Amino acid sequence: MSGRMYRPGNQQRASSSTSDCRCNVVLIYQSGMRSILRYIPRKCRRLLIVCMLLTLTTLVLLSLHREIQNSEWTSEHIFEKVHDPFGSRHERKCIVQHYFKEEALADTHLSALQRNEERAQCFIGEDVNVDIQMEDVWDTVSIGYPNLILTVTGWLDTIQMSWTAKPLHVIVMPHSHQDPGWLQTVDSYFSGSTRHTLDLMVEKLTKNPTWTFIWAEVGLLQRWWAKATNTQKAQFLRLVKTGQLELVSGAWVMTDESVVHYGAMLDQLMEGHIWLKDHVNVTVENSWAIDPFGHSSTMAYLLGQSGVRNMIVQRTHFAVKRHMAKQKSFEFNWRQNWDVKGTADIFCHVMPFMLYGIPYSCGPNRHVCCKFDFYKKQCFYGKRRKDLLDISDNNVAELAKELWKQLQMKSELFRSNVLLMPHGDDFRYKTAEEWDKQFVNLEKIMDYINNNPEMQMKIEFGTLKDYFTYLHGSRDRPKTNTYPVLSGDLFPYSDRGEQYWSGFYSTRPHFKYLVRQLQHFLRSAEILFTFSVAGLNVNTNIKNLYSRLEKARQTLALSQHHDAITGTSKRGVMRDYSSRVQSALDDTIEVHKKTVSNILGKKTQKNIFVNITESFSTSGYFPTNVVCTLETPINLIIWNDVGQPRHELIHVVVDTPFVKVNDESSRPVIHQISPVWDKQRYINTKHYLLSLDVHIEAFSLSTFTVSAESVRSESKFAALYNVTDRHNNRSPPLELGLFRVYHIVKTFISVTSACMTAVFKTCDGMLYSVLHKDLKDTYRADTHFVTYSTGRYTDPFRDKSGAYTFVPDGAAKDVSEKPHVIVVEGSLFTEVRAMYKDIVHISRIYNISGVLNEIVHVENYVDISNKYWDNTELVMRIETSINSGEYFCTDSNGFQLHRRKTRSKMTIQGNFYPMTSAAILESDTARFTLLSSHSLGVASIVSGWLEVVLDRRLVQDDWRGLREGVTDNTQSKTSFYLLFEKKLLRNRERQGNVRYMCLQTFRSEFVADTLNSPLKVYSTKAFDNLQSTEIKTKLIPSLPCGWLVMNLRMLNVQNKVKESLITIHRRGLDCSYSAGSMTCLNRESLRWSDLRLQLHEVTETSLTGVNEIRKHQISDPLNVEPMQIKTYKIAFR
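Residues numbered from 1 in each chain as written. Predicted model: local features only at pLDDT ≥ 70, side-chain atom pairs only at ≥ 80, totals over all residues. Heavy atoms only, no water.

Quick notes on the overall build of the chain
Okay, step 1: If you tally the helices and strands in the chain, you get 21 helices and 51 strands.
Okay, step 2: Looking at the chain as a whole, 61% of its 1133 residues are labelled buried.
Okay, step 3: The long-range share in the chain, meaning contacts at least 24 apart out of those at least 6 apart in sequence, stands at 74%. (Helix = DSSP H or I, 4+ residues; strand = E, 2+ residues; numbered from the N terminus. Buried < 20%, exposed > 50% of the residue type's maximum accessible area, 1.4 Å probe, protein only. Contact = heavy atoms within 4.5 Å.)

A short note on the sheet that holds strand β50 (residues 1108-1112)
Strand pairing in a sheet takes place through backbone hydrogen bonds and is either antiparallel or parallel in direction.
Okay, step 1: The strand order across the open sheet formed by five strands is β47-β48-β51-β49-β50, and the pairing between neighbours is antiparallel. The open sheet terminates on both sides in strands that have one partner only, identified here as β47 (1043-1050) and β50. Across this sheet, the average inter-strand angle for adjacent strands is 25°, counted without regard to direction.
Okay, step 2: Alignment of strand β48 (residues 1059-1066) against strand β51 (residues 1125-1132), held across seven bridges, turns out to be antiparallel. Bridge assignment links Thr1063 to a residue of β51, and that residue is Thr1127. (Pairing = 2+ DSSP bridges. Axes fitted to C-alpha atoms, helices over the stretch in contact; angles between N-to-C directions.)

Quick word on the pairing of strand β34 (residues 839-846)
Okay, step 1: For β34, a buried count of eight out of eight residues is recorded, marking the element as mostly surrounded by other parts of the structure.
Okay, step 2: Sheet topology note: the strand β33 (residues 829-835)/β34 ladder contains seven bridges and is antiparallel. Bridging across to β34, Phe829 finds its partner in Tyr846.
Okay, step 3: In sequence, β33 turns back onto β34 through a hairpin of three residues.
Okay, step 4: Two strands pair when backbone bridges link them, and β34 and strand β35 (residues 855-862) are joined in this way by seven bridges, in the antiparallel orientation. Note that in β35 the partner of Ile842 across the bridge is Glu859.

Details of the side chain of Arg646
Okay, step 1: Relative to the elements of secondary structure, Arg646 occurs in strand β19 (residues 646-654).
Okay, step 2: Within the structure, the side chain of Arg646 is placed 3.0 Å from the side chain of Asn640, a separation counted as a polar contact.
Okay, step 3: A polar contact is formed between the side chain of Arg646 and the backbone oxygen of Ser1013, at a distance of 2.6 Å.
Okay, step 4: Once residues lying within four places of it in the same chain are set aside, the contact partners of Arg646 are Asn640, Asp641, Val694, His695, Ile696, Asp1009, Thr1010, Ser1013, Pro1014 and Leu1015. (Polar contact = N/O pair within 3.5 Å; in protein donor to acceptor, adjacent residues only side chain to side chain.)

What about the packing of aromatic side chains?
In this description, an aromatic ring pair is defined by two values, namely the gap between the centres and the angle between the planes.
Okay, step 1: In this structure the tally under the stated criterion is 46 aromatic pairs.
Okay, step 2: Summarising the aromatic geometry, the rings of Phe330 and Phe414 are spaced 5.8 Å apart at their centres and angled 40° between planes, so their arrangement reads as tilted. With a gap of 84 residues between them, Phe330 in the loop between α12 (318-327) and β7 (331-335) and Phe414 in the loop between α14 (396-411) and β11 (418-426) connect regions that are remote in the sequence.
Okay, step 3: Judged by relative accessible area, Phe330 falls into the buried class, the value being 0%.
Okay, step 4: Between Phe748 and Tyr768, the ring centres sit 5.5 Å apart and the planes meet at 50°, which makes this aromatic pair tilted. (Phe/Tyr/Trp six-rings, centres within 6.5 Å; stacked < 30°, edge-to-face > 60°.)

Comments concerning the nonpolar core
Okay, step 1: One finds Phe236 and Phe976 to be the most contacted residues of the largest nonpolar core, which totals 237 residues.
Okay, step 2: Among the elements that make up this core, the one with the highest residue count is helix α17 (residues 509-535) (13 residues).
Okay, step 3: With residues near it in sequence (within four places) discarded, Phe236 still touches Met201, Val202, Leu221, Trp224, Trp225, Leu245, Leu247 and Val280.
Okay, step 4: Counting 35 residues, the second largest nonpolar core, distinct from the first, contains Ile634, Ile638, Val652 and Val659. (Core = buried A, V, L, I, M, F, W, Y, C linked by side-chain atoms within 4.5 Å.)

So, the pattern of salt bridges
Okay, step 1: Tallied over the full model, the rule gives 56 salt bridges.
Okay, step 2: Here Asp139 makes a salt bridge to Arg903, at a shortest N to O gap of 2.9 Å. Of this pair, Asp139 sits in helix α6 (residues 134-140) while Arg903 sits in the loop between β38 (896-901) and β39 (913-915), and the two are 764 residues apart along the sequence.
Okay, step 3: Residue Asp139 is classed as partly exposed on the basis of its relative accessible area, which comes to 34%.
Okay, step 4: Taking the shortest distance from any N to any O, the salt bridge between Arg1049 and Glu271 comes out at 2.3 Å. Of the two residues, Arg1049 is situated in strand β47 and Glu271 in helix α10 (residues 262-279); the sequence distance between them amounts to 778 residues.
Okay, step 5: Judged by its relative accessible area of 4%, Arg1049 falls in the buried class. (Salt bridge = Lys/Arg side-chain N within 4 Å of Asp/Glu carboxyl O.)

Description of the pairing of strand β29 (residues 767-772)
Okay, step 1: Counting buried positions along β29 gives five out of six residues, so the element sits mostly inside the fold.
Okay, step 2: When strand β28 (residues 756-761) meets β29, the two strands line up antiparallel, connected through five bridges. Bridged to Val759 within β29 is Ser769.
Okay, step 3: Between β28 and β29, which pair antiparallel one after the other, the connecting turn spans five residues, and Gly765 there sits at a positive phi close to 70°.
Okay, step 4: Note that β29 and strand β30 (residues 777-789) share four bridges and pair antiparallel. Within the sheet, the bridge partner assigned to Val770 lies in β30 and is Tyr779.

What to know about the packing of helix α7 (residues 186-207) against helix α9 (residues 230-242)
Okay, step 1: One way to put it is that α7 packs onto α9 with a least axis distance of 10 Å and a crossing angle of 60°. Regarding the angle of α7 to α9, the classification is oblique. Seen from above, α7 lies across α9 with left-handed handedness. Touching Asp199, Met201, Val202, Leu205 and Thr206 of α7 are Gln232, Gln235, Phe236 and Leu239, all from α9.
Okay, step 2: Here the residues of the contact of α7 with α9 sort into five nonpolar, three polar and one charged. (Parallel < 35°, antiparallel > 145°, perpendicular 65-115°, else oblique. Left-handed = near helix turned anticlockwise from the far one by under 90°. Nonpolar A, V, L, I, M, F, W, Y, C, P; charged D, E, K, R; others polar.)

Concerning the state of the cysteines
Okay, step 1: Summed over all chains, the structure comprises three disulfides.
Okay, step 2: Through a disulfide, Cys362 is tied to Cys369; the S-S separation comes to 2.0 Å. Of note, the bridge from Cys362 to Cys369 carries an S-S torsion of about -95° and is left-handed in sense. Taken individually, Cys362 and Cys369 each receive the classification buried, so the pair is uniform in this respect. (Disulfide = S-S within 2.5 Å.)

Describing the confidence of the model for the chain
The predicted coordinates ought not to be read in detail in places where the model reports low pLDDT.
Okay, step 1: For the chain, per-residue confidence averages 85 on the pLDDT scale, and residues scoring 70 or more make up 82% of the total.
Okay, step 2: Across residues 1-37, confidence stays below pLDDT 50; counting only partners more than four residues off in sequence or on other chains, it has 19 contacts. (pLDDT = per-residue confidence, 0-100.)

Some points on the environment of Cys379
Okay, step 1: Summarising the element assignment, Cys379 is placed in the loop between α13 (366-369) and β9 (380-381).
Okay, step 2: Taking relative accessible area as the criterion, Cys379 reaches 10% and is therefore assigned buried.
Okay, step 3: For the pair Cys379 and Val368, spaced 11 residues apart in the sequence, the C-alpha separation amounts to 8.2 Å.
Okay, step 4: Once residues lying within four places of it in the same chain are set aside, the contact partners of Cys379 are His367, Cys370, Lys371, Arg384, Arg385 and Lys386.

Thoughts on the environment of Ile650
Okay, step 1: By secondary structure assignment, the location of Ile650 is in strand β19.
Okay, step 2: When its relative accessible area of 3% is taken as the criterion, Ile650 is described as buried.
Okay, step 3: Each residue touching Ile650, except ones within four places of it in the same chain, is listed here: Leu636, Ile638, Leu690, Ser691, Leu692, Val694, Leu1015 and Val1017.

Notes on unusual backbone geometry
Okay, step 1: Following Phe491, the chain continues into Pro492 via a peptide bond in cis, with omega recorded as -5°.
Okay, step 2: By the secondary structure assignment, Pro492 is in the loop between β13 (485-487) and α17.
Okay, step 3: The backbone of Ser249 sits at a positive phi, close to 70°, despite the residue not being glycine.
Okay, step 4: In this fold, Ser249 is placed in the loop between β4 (245-247) and α10.
Okay, step 5: With relative accessibility at 8%, the residue Ser249 sits in the buried group.
Okay, step 6: With a phi close to 50°, Lys328 is a non-glycine residue in the positive phi region.

Quick look at the sheet that holds strand β6 (residues 310-313)
Okay, step 1: Strand order in the open sheet formed by six strands is β1-β13-β7-β8-β6-β5, with mixed pairing between adjacent strands. One side of each edge strand has no neighbouring strand; the edge strands of this open sheet are β1 (132-133) and β5 (286-289).
Okay, step 2: Pairing geometry for β1 and β13, over two bridges, is parallel. Across the sheet, the residue bridging to Gln133 is Ser487, located in β13.

A word on α9
Okay, step 1: The end-to-end C-alpha distance of α9 is 18 Å, a good match for the 18 Å that 13 residues give at a rise of 1.5 Å each.
Okay, step 2: When α9 is considered as a whole, its buried residues turn out to be Gln232, Phe236, Leu239 and Val240. Axial view of α9: buried residues confined to an arc of 100°, hence all on one face. Opposite the buried face of α9, at more than 90 degrees from it, the exposed residues are Asn230, Thr231, Lys241 and Thr242. (Expected span 1.5 Å × (residues − 1). Arc of directions from axis to C-beta.)

Structure, rendered in structure tokens:
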């Protein structure tokens, strides 16, 4: 049985038997009612039914009234029942009247409750009414790819194109796609290509006023600007002003849109927009994203709210492009699934062909369009590249006719007579020869077409602004022509057949984890630094600290590049990225330490050295804990950087197990001593893990004192159990250092906390089921490891997985290895450790107050760097009892949740989606939420199952340009929170008929913040006068549930007036699930005056802070609608 008692077939038979029994009862009841009603006159039957319903209602209310009078309800229980925003008014009025004897008083109190409900953070979802819903498109679209198509030419090979000549206005738009790292490092690309392109761009455009160009990557532009001459800068500014040069997107990099968190996505957009505003005095209107591997509706939202009006995207599934071609829907208004009114719509143009290079620019026939690349040989005759052409009097007519025909055919895919013809590719226009050849030859063809009236075509150089200006204001466009509205996102992406680009969701997970840690530490440092400078007027060394913040911002922005965080660069380039992220982490940690030191120094008038209790490295198990030496007492300073109070555990490593801990009021603090595990496998006999049960207010610093205890008591020690299911393996207890290890024999292990009991299988040490005491329900959560293989078929022509793509051989197979299982049992937490040869799997149950005692915390430490794992993808599968059917939910960049459907026609790999932070299984009665510490690929191949790809090792390239596999695997950590919730029966319809989106619950959102923004812990030598009244300062009062301060970003500290950008996200929450005891539910709305800062002025801006919208009074409330994000510029006195 391998320790697993569940059998899918048994569950189906049991369900069928139960269903039959229930059905028989209903039939008996219905036949009995019909027998009774047969003898009652027809006129009286309706009255009888009404009387029966009234009688039933009265009995329920009397029962509730009797329950209140007779039961021993606590005041907290009564408060929760009365303030339950989901309870019926009759039920709550019955409770209130028990304490407010007069009905008028009861009504008054209930009216107050009604107002509280209106202020609650619940988001009543409603599906948007759109022309194109992507989830519906996937149901109907054919994804078949034509046989015998050997090149990635795209969807056009499968349809016949007809066309009719018409007048056209064509904008030819030269461009150069510049990757800040891919096959070479960012430094190598900049010195060898980018700086030459920018130098020549300024020179050539200045000399040729009719030539135009666009530029997207601000991070590379910033590098060039730092070394440009004053003459070059002046010419650059003149080109931007005249419109010859358009700066598009304005982002630091062309960000990935699948595995990037929306906080970092906005940060890099903000970094680029602010730099452009400060140095070029320009705001961006159009976006250009031609290389990300699929496109996110979250990016569309962020761009639109940042002032961008139009966007262009490229990489979408070939079947989607084929569908759009037939519907002429390559241009549409992109609407969010939750935005019923369309207030956040943005106009989007999808490039119709498979790639963005010159052969795919002018029309459907790449063998014709390739001729219009006059510098690089793109045309083939068999395997031989054809010679380049130069336009002359002898061939201009023929080539002009060919271009005219391709453009006419391309126009059949669109609803307007205004057409865009991009002209460029990766790292193009970096030599003077290319500039001259491309532009001069294009000019000759364009002149020929413009001077031939029978062609009825105007063709000219232009930019994105030119194209969209003509498009939206075109008189050639029929007045009745309207663009469709699309909702959803453009995932998954496939450029050919079953070769889905779903592999990179989990490629190099170590780097993804490291980048997310940088994001968290940087955000926390930004808020703490702003608090120090603006709130406490600390001016010590602020220029140096701000310089470190700027460097870290730019590194975080660089890491969001679509070939960085995706893990799809060469291994040497990935090492360079990792080194930069490590350096930025060091900078942010230094800002943390110095800022806390400055705050303490200002309070105590002493020079205080502060250390942080964890550190990071680019390899090995991480983070690592800094050992706190207790020769003398130390203070632990804890920083909560979120807007809700936190009740959770913190962990520090100490050099003695005999300690005492006191809070700011000298009260003892509950703690636990557990072993420290070297490499997560071996007990360290010199150091000990000290875990504290702490409660920290929102946006506050709190201090605790830790000292060595003279009394050597082992009462706080955790107990260790060596667990086996083999009855012939009994061994006496042994000692490891100060810890006794007991040997026990069990088939299942039960771990109980105040709220739940988790059952684990002894055979593999992994979770099997969860019993919620409050919910009185047991949920199966059978967790185990499986693997997908690739390239093991005998067919040598079958494609294999690589850095980008996921092409498995077939269904996953169980990992058969049996681990060594150890249980660490303590008063605050108990963990079950399953130690495999290359994997350490840890499941932790918390026994503390708050929401964390309702979750199972799972960590995986994975090292698949040896050849045993070649061409293998390691997956953690969770088989739950949630009857989710073919639907599940994944988050879009951590900003919103999309409901996905598992479709057999899309094979295994086509059903994997990026999970930036959460995935959800949901039935009519319950929900299972999986929260992740960083981005990975996830799927629900079978109802009630979730599969998460933890790491992948591929020995071959997948023919997408990287030219190498992924074999530089390093030890990686993944962290998950598993949460089961029961849907409130009376609220199953509260959310309405919502098919396309999901929402987080109160509990899951709070737990996600705990995972994504952990408490920061610092240590320093203990001082007698370091008391709570001196340093426990709150930046912002507690926020309502769902409100998040995404960032509080200080602007230039050298300015006389100190300014900051504060970005606030009000997350929409699902009211179908109880908020439990969470106190932030019905809080009054905030006003600017509530912020404990000396505010002088508040201005609402675009998301990136560069466009001012309106001024606010300090007494104004913060009005942010559910799901919306807003940015404000605040000036301090």
